[in-house]
Every structure is written in C-alpha cells, then in structure tokens.
Amino acid sequence: MFHTYLVKYGEIGIKGNNRHVFEDALAKQVRLKLAHISGEFEIRKERGRIYVECSGSWDEAETVDALQHVFGIVGICPVHTYELSNIEDMRRDIVSYVAEEHPDSDASFKVKARRVNKEFPLQSMEIDAELGEAILEAFPAMHVDVHHPDILFDLEIRDRIYVYSKVIPGPGGMPVGSNGSAMLCLSGGIDSPVAGWMIAKRGVKIDAVYFHAPPYTSDRAKQKVVDLAKAVAKYTGPIRLHVVNFTDIQLAIYDTCPHEELTIIMRRYMMRIAEHFAEKDGDLGIVTGESIGQVASQTMHSLITTNAAVTMPVYRPLIGFDKSEIVDIAKQIDTYETSILPYEDCCTIFVAKHPVTKPVLQVIERSEAKLKDVIDGLMETALRTTETFTVRP
Amino acid sequence: MSEIYLDNSSTTRPFPSVLDIVMKTMTEDYGNPSSLHKKGVDAESYIRKTRQILSRILKAEEREIIFTSGGTESNNMAIIGAALAGKRRGSRLLYTAMEHPAVSEVMRFLEKQGFQTEAIPVDRRGSIDLKALEDMLDPDVILVSTMYVNNEIGAVVPVKECAALIHQKAPDALYHVDAIQAFGKYRICPRQLGIDLMSASGHKFHGPKGTGFLYVRKDARILPLIYGGGQQAGMRSGTENVPGIAGLGVAAEETYRDFDAKIDHLYALKERLEAGLMRMDDVVLHGMQGREGAPHIVNASFTGVGSEVLLHSLEDKGIFVSAGSACSTHKRNASPTMTAIGAPKEESSAAVRFSFSELNTEEEIDRTLSAISELLPVLRRYRAR
C-alpha cells in the first residue's frame, strides 16, 4: 500500500531563477484543490519535487482526479516508501513492491536509483545492480532492458526509500496564478469555456463576463453560463463572474444602426464592457472563444473591427482551431453537454439574415456615432447594474 | 404586485387541505401500509380512503384503481402492460398524432420491440379523424391510446365515439385514455364511456407531485411493469406512497366538490381571455374555442413574437405562462401538438399556452390581457429581419 504521490511538473523546471515562484504557485494550487476532498494531505516541496502525503479517509481515485485538474502537473506517480536500512532489506522491499504493483509480469525493466542521501554506503549503480538481480531471482519471467524498458523502477534514497514505476498523466501547462489574470468573455456556447480553459492552462487566472438580455434570454441561459463557469473552475479555481444586462444597449443598436452591422457593433460594446471589468479586476487581457471564419463576426475583417474597440490585448486561444477540435476539448473538460443545451443567447436573437462579413472600421464607427446621444447613459446603467459573484467548482 | 399563475396544465398549486394530510401522514401516520401492527393499519386506511373517493368519482370499483408515481408511469403501465399481455393476439397499437411524449415515446419504444404502431391523424383544430380511426381498426389491433384533452391546445377527443368504434371493429383491443388533462375538468365514468384503461396525475388537480393512478377495468388484462413485494394486488409492487396517495384523494374530493360551478368559472375565464385576445391584431387561437374545447386551456400565437420572449416578458410582470414552442433560431423542433396539427412555423414558434385553475380570477385575466397589449407593440418592434 502506498500513501504518497510524487507530483511531476514539466516546464516549471526550466524557469531559472523564477522557478520557486512557479513551484510555490503549483504547491498552492495542489493544496487548494485537495482541501475540498476527503482525507488529509501534507504537501511537501523538496529539491525540485512536490510530494503529497495522504492520510485519513482519502480515496485513491478521488485524489488522482483532483490532481489531474491542477495545471502544471505533467505526471502523478503513486510512490511506495520503505524504511532506510541495509541492502538486504531493500532487496526484500523491491520484491514485495513488484509483487504488488506488477504481479505476473513478463515485462522488461530497468532499475534507476538516485542516492540523494550520500550517507548510504552503496553507490547508485551498485544499488541498480543489486535490486535488478533481486527482481530477476524473484520473477524469472521478467528481463532487463536498460535502453527501452517496459517498466522503469525509480528509486530515491533519502531519509526513506521512495519507489515508483507508474506515471498517471496530468493536464500539463502551468499553475494557475503564475501568469497573471485575464477577463474571459463567456457565452453559453461551446467555444468560450474551452478558450478559458486553454488560457488558464498557461497559468492565467480567469475572471469572466456574461451578457444577459432578458426577456430575450432566460434565467436558464444564465444558469447555463454559471454551470459552464463551474465546470471551468474545476481547473482554474473560483471564477469571478460579471453578469451584464445588455438588453437596452442591444435595442438601441437595433433602433439606430444598420441591421447587418448589428452583431459587429454589439460585439464592440461587449468588448468595451469586458475591458472595463478587466481593468477593474486587475486583468492583463481579454480572452474570447473566436476562431477565424467560424461565423460572420469572426472573419479577419470582423476581428479587426471588434479588436479596435479596446486597447487591452485580446487573446484568442482557439484562433486556428476547427469546430471539431474545439468540440473534442469541450468533451474532454466536461463542458460540452452543458454548452449544447438549447437556450437562446443574446448574440443570436436579432441576428441579420446577411450580416456584414467584411466590415470596414470607419463605416462601423460612423454607424456607432449615431448612438452618441444615448449610449453613454446606457453603458453607465449596464455597468452599474451588473451583478458580480464568484463561481466555485 | 401579486403573481398570476396561468400555467396550471404544467402543474397546480396544492390545496391547503392536501398539505395538511401530507404533513400528518409524514409526521404521525408514517407506518408502512404492509405492516401488521397498528401503525401499518393506520397508514393503509389513507389508501382505502383515497380508493373510496376515486371509485365514487369514477363510478368504478375500488380494486380497479392502481396508484402510480404519476401520469407518465400510468401511461407506460397501461400501454406496455397491454402490449405485453396482448402480444399473442395481435401486434398493432394505435395512438393519435398529437399525444404527449409520455404516450408517443412509449409507442416508439414498443415499435423497436417489434410492435407496429400507427398514428391517427388530427386536423388543424386538433380534432381526430374518426373515419381514419375506423379504417385503421381491425382484429389485429391490441390497444388504442388517445388523450381525452390535449395538453397544449385543449382540444377534446370524442372518447365515447372512439370507444364505440374500437369495441365494434376490434373487440379484443383495449382502449386507453390519457386523461391527465381531463380528470378534474370533466365527470368521467370510464365504464359508461367504454374506456378500459385511464391515466391521471395528482399534481394536475392540486395534489402532490409524484402521484397518479391508472384505472384498469376489472376484466381488462395487462401485465405489471414493476415486480417486488406484491403490493396493489401485484400490479404495482413497492411500498405505497401514503402521503402522496392521501393528498391525491383529498385533492380529487375537493376538485369535484361544487363541480359545475367550478367548470362554469373556468369557461368564463377562458371565454374572457379568448375574447380579449381576439380583439388584438395578428393573434391566432389554436384548438377549440369556448365550450367545445377544454375549460382550462387557451393557446394563442402572437405573430412575430417568439414564444419564449413573450413568456419572459410576462414573467417580468409576475405572470406565468407556458411556451408552446421553444427558441426559433436554434434548431429546436416545434412541439408535438403544433407539428401534429400542421401549424406553420411562424405560428408554432409564437405559441403561448395559458392554463387556468379554479384559483384564478377574472381580474387576473384582465390584468394579463392588458399586460399583453402593452408588450406586443414593443416586442414586435424588435425582431430578426
């Protein structure tokens, strides 16, 4: 039986002097994540590794699942620990380890010891040879292959002996919070939750904004967005969500501007509102789920036009993705089933039959100028009446 | 401003007397009706009482009533139970094109199990084609299932005429009536009408959710779907939902008290709403108007206004209705009844259902009408073009 996980991380390891910042962020995320599941966990940082010691009523599947939702982790290794004594005891321990973890195996293997504790009398290579021999004697069907082993037995000689041979894949990426924060434009669709997940995977903390248009969109549509935020928050931690009542702005655009420009102009105001809350929340960018050419408002021309409404950088992690690729990720991160629930979202209610696909910024700005008498007041009201709350996983 | 609840075909508000008896059976008389001791006997007495009430209302025998978890279970039990019991006699099952999914989906399931299921056509008003039914009937038919009142548009099926045709042309077939929207709105005597099986649901007449019953004429044979401890003469195993059954009984009793006056009241509400809607421009009424249709359902399309948009706008004013059909821009299909009656898309996407209970008032209808008149011009101004 084991009660320790070795958490492997990838890119953090190459961050030079900033390394401890990333490690601290990762340890913090691991701690936050495990705080919500049953069992007691001690997280130890030690010479470029993070160990999770489990005790109490912890459950293996639940613990691994929690760790698989922490960005920055590339692998999760169940580690068996043994008392540090002499080589005879170690031979006995490795045999019982193999019997437990790889029973009836006929695989090739290699033993790779690291003697961190230099007081141990044998050198790493000598330990490899002793333990390899012990395994061969106890399991005659197994054989040694030092170049391409099926099973690699990793040993670390510290104050105790750590043995592991299995690596459960983690989500990769970098720990959330190690790279600032950004404002995600979250709709009820398939793309935006995936965009949020992807940007968070690079260590960015997520805030979010949703545009609500009652009575054209229902409370169920809003609940759906909250549910999506909840699903993304499983990876990113709590998400601060701003729900903006956008109806009056939308109707003013409808009344005043050319109908085929409605979606573009609407999106420009959404970007402005997103930027407002991004600045307020201390975010360093805006994130959208746009991908080139997916719909009329996401052509290169349209993107230039919506982008021009704000000065803050706009990140579009899905920019080169096909819909089917986005769907695959949405399924993997468990947002897809919620995204396809059939509730109206505010981008589609007044959509024109033939919206502009090649908007020209100057033309759009001229149309927007017609709103000048009303828009400041409407924007002010929308910002003031926005409902902000935190969505927890 | 007080709420106006006009979605009584979805569910109703339980009567206070229902709450009382549910509370009592959960706090004091919580025994298992199968227990031999006094607690069990006390619990069983509530079930007996509800049986008595229902048998009086339906002019049926007590043993002809089986308690279920609601309308959907009753429909499943009737249709699947009859199909399994009759599969050696024949293979055909008939139902109307405008059935609720709790019937049509059961038919689809049975179709996959090797039965032949066929839909009886209905016209634009939701009136079923009796001639077509007559032509479809033959001795190979084992079950015909029709609604009594359509849940979306309130159209009424001539149950007695159907029964006569069925028993004449397919003497061995059973006739099941989904009376979920009709029980509590009509005096129904299954035996006189020629109904063999009939479904009802407690929460549609101010009883608790999760309750219902199936009437099974005593010499009609269906197979049970749920096996276990043999409760309810083996027809529906499982410890009876005593609080639910007690509440259903009280609700039924209260519903049929001063019955004619209540029905007159419902028709007065219906006619008032219909008249008010007819005075508005571009409103299409569905189903059967006035006394020809059910007393508690009015369905109207407000051309150019999406069902959900009007629903949420009314909700904003504290008025609760039901959308005949959901979103238009997403690929959501028109509702089963709207499809069956062949309503054009611009009508089905704009259909709203108003459904009343005895608790509604004429003043509420007037307030609803003025809310609609106020909203329509605004909502019609903003639409996809």
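Here the structure is a predicted model, which means the values were calculated and not measured.

Further remarks concern the overall build of chain B. Looking only at helices and strands, chain B features 13 helices and 13 strands. Here chain B has a C-alpha radius of gyration of 21 Å; the compact-globule value for 385 residues is 21 Å, and the two agree. In terms of principal-axis extent, the alpha carbons of chain B reach across some 65 × 50 × 35 Å.

Before going further, it helps to examine the overall build of chain A. Within chain A one finds 13 helices and 15 strands. In terms of overall dimensions, chain A is more spread out than a globule: its C-alpha atoms have a radius of gyration of 27 Å, far above the 21 Å expected for 393 residues. Its C-alpha atoms give chain A principal-axis dimensions of roughly 85 × 40 × 35 Å. With 393 residues in all, chain A has 40% of them scored as buried.

This brings us to the environment of Asp135(B). All names here are of chain B. With respect to the helices, strands and loops of the structure, Asp 135 is situated in helix H5 (residues 130-136). We classify Asp 135 as exposed; it has 11 C-beta atoms within 10 Å. For the pair Asp 135 and Lys 317, spaced 182 residues apart in sequence, the C-alpha separation works out to 50 Å.

On to the sheet that holds strand S4 (residues 116-120) of chain B. Residue and element names in this part refer to chain B. One open sheet accounts for 7 strands, arranged S2-S8-S7-S6-S5-S3-S4; its pairing is mixed. The sheet is open, and its two edges are formed by strand S2 (65-68) and S4, each paired on a single side. Across the sheet, the mean angle from the axis of one strand to that of its neighbour is 20°, orientation sign disregarded. In terms of strand pairing, strand S3 (residues 92-96) meets strand S5 (residues 141-147) through 4 bridges, oriented parallel. Within S5, the residue paired with Leu 94 across the bridge is Val 144. Strands S2, S3, S5, strand S6 (174-178), strand S7 (197-201) and strand S8 (212-216) of the sheet are contacted by helix H3 (residues 71-86), whose axis makes an angle of about 160° with S7.

The subject of this paragraph is the packing of helix H5 (residues 191-201) of chain A against helix H6 (residues 219-236) of chain A. All names here are of chain A. The N-to-C vectors of H5 and H6 enclose an angle of 15°; their axes lie 10 Å apart at closest approach. Between H5 and H6, the crossing angle belongs to the class labelled roughly parallel. Helix-helix and strand crossings are classified by hand; for H5 and H6 the assignment is right-handed. Touching Pro 193, Gly 196, Trp 197 and Ala 200 of H5 are Leu 228, Ala 231, Val 232, Tyr 235 and Thr 236, all from H6. By residue class, the composition of the contact of H5 with H6 is 7 nonpolar, 2 polar and no charged.

Time to look at the domain arrangement of chain A. Many descriptions give the size of an interface as the accessible area lost when the pieces come together. Each assigned domain of chain A is listed with its residue range as follows: domain 1 (4-169) and domain 2 (181-391). Each of domain 1 of chain A and domain 2 of chain A has a C-alpha centre, and these two points are 44 Å apart.

Further remarks concern helix H13 (residues 362-381) of chain B. All names here are of chain B. For H13, which comprises 20 residues, the first-to-last C-alpha distance of 30 Å matches the rise-based estimate of 28 Å (1.5 Å per residue) to within 8%. In the structure, H13 departs most strongly from a straight axis at Leu 375, where the bend amounts to approximately 30° and where the proline Pro 377 lies between one and four residues downstream. Where H13 is concerned, the buried positions are Glu 364, Ile 365, Thr 368, Ile 372 and Leu 376.

For the rest of this paragraph, the subject is the pairing of strand S15 (residues 387-391) of chain A. All names here are of chain A. Counting buried positions over the 5 residues of S15 gives 0, only a small fraction of the element. As judged from the 5 bridges shared by strand S12 (residues 239-245) and S15, these two strands associate in the antiparallel manner. Paired with Leu 241 across the two strands is Phe 389, which belongs to S15.

Residue and element names in this part refer to chain B. For chain B, the domain assignment lists domain 1 (4-12 + 259-384) and domain 2 (16-255). Placing the centre of domain 1 and that of domain 2 at their C-alpha centroids yields a distance of 28 Å. Contact residues are listed per partner, giving 22 residues for domain 1 and 24 residues for domain 2. When residues of the side of domain 1 that touches domain 2 are traced back to their parent elements, those giving at least two are helix H9 (259-278), strand S10 (297-302) and helix H11 (336-340). A class-by-class count of the residues in the side of domain 1 that touches domain 2 yields 9 nonpolar, 12 polar and 1 charged.

On to the nonpolar core, then. Membership of the largest hydrophobic core comes to 208 residues, with the highest contact counts inside it found for Val209(A), Ala274(A) and Leu197(B). The element best represented in this core is helix H8 (residues 262-281) of chain A, accounting for 11 residues.

Residue and element names in this part refer to chain B. For the pair H3 and helix H4 (residues 101-112), the least separation of the axes is 9 Å and the interaxial angle reads 35°. Handedness of the crossing formed by H3 with H4: right-handed. Contacts between H3 and H4 involve Gly 71, Thr 72, Asn 75, Asn 76, Ile 79, Ile 80 and Ala 83 on the former and, on the latter, Ala 102, Val 103, Val 106 and Leu 110. Of the residues that constitute the contact of H3 with H4, the class distribution is 7 nonpolar, 4 polar and no charged.

Turning our eyes to something else, we now look at the pairing of S5(B). All names here are of chain B. When you tally the buried positions in S5, you get 7 out of 7 residues, the bulk of the element. Where S5 and S6 come together, 5 bridges link them in parallel fashion. Among the inter-strand pairings, Met 147 is bridged to a residue of S6, identified as Asp 178. Taken together, S5, helix H6 (residues 159-169) and S6 form a β-α-β motif whose crossover is right-handed.

Turning to the sheet that holds strand S9 (residues 283-286) of chain B, a few remarks are in order. All names here are of chain B. As summarised here, the arrangement of the 4 strands in space is S9-S10-S13-S12, forming an open sheet in which the pairing is antiparallel. If you trace the sheet from one side to the other, it starts and ends with S9 and strand S12 (322-323), each paired once. On top of the sheet, helix H10 (residues 307-316) reaches S10, S12 and strand S13 (351-355); it is set at about 45° to S13, its chief contact.

Cis peptide bonds are those with omega within 30 degrees of zero, and the linkage from Pro214(A) to Pro215(A) qualifies with 0°. With respect to the element layout, Pro215(A) can be found in the loop between strand S11 (205-212) and H6. With phi around 55°, Ala233(B) is a residue other than glycine that occupies positive phi space. Its identity as a non-glycine residue notwithstanding, Asp258(B) has a phi of 50°, on the positive side. Here Asp258(B) shows up in the loop between helix H8 (242-255) and H9.

In this section: helix H2 (residues 60-67) of chain A. Residues and elements named next belong to chain A. Within the sequence span of H2, burial applies to Thr 63, Ala 66 and Leu 67. All buried residues of H2 fall inside an arc of 100° around its axis, so they share one side. Contacts from the buried residues of H2 go to strand S1 (4-9), helix H1 (19-34), strand S3 (49-55) and strand S4 (73-83).

Attention now moves to the confidence of the model for chain B. Residue and element names in this part refer to chain B. Taken over all residues, the pLDDT of chain B has a mean of 95, while the share at 70 or more is 97%. Scored below 50 in pLDDT, residues 326-331 shows 16 contacts in the model against residues more than four places distant or in partner chains. Scoring of the predicted complex yields 0.86 for pTM and 0.80 for ipTM.

The rules behind these values
Residues numbered from 1 in each chain as written. Chains lettered and ligands numbered in written order. Predicted model: local features only at pLDDT ≥ 70, side-chain atom pairs only at ≥ 80, totals over all residues. Helix = DSSP H or I, 4+ residues; strand = E, 2+ residues; numbered from the N terminus. Rg over C-alpha atoms; globule rule 2.2 N^0.38 Å. Buried ≥ 20, exposed ≤ 12 C-beta atoms within 10 Å, placed from the backbone. Pairing = 2+ DSSP bridges. Axes fitted to C-alpha atoms, helices over the stretch in contact; angles between N-to-C directions. Contact = placed C-beta atoms within 7 Å. Parallel < 35°, antiparallel > 145°, perpendicular 65-115°, else oblique. Left-handed = near helix turned anticlockwise from the far one by under 90°. Nonpolar A, V, L, I, M, F, W, Y, C, P; charged D, E, K, R; others polar. Domains from an automatic or database assignment. Expected span 1.5 Å × (residues − 1). Bend = angle between axes of the 7 residues up to and from the residue. Core = buried A, V, L, I, M, F, W, Y, C linked by C-beta atoms within 7 Å. Right-handed = clockwise from strand over helix to strand, strands pointing away. Arc of directions from axis to C-beta. pLDDT = per-residue confidence, 0-100.

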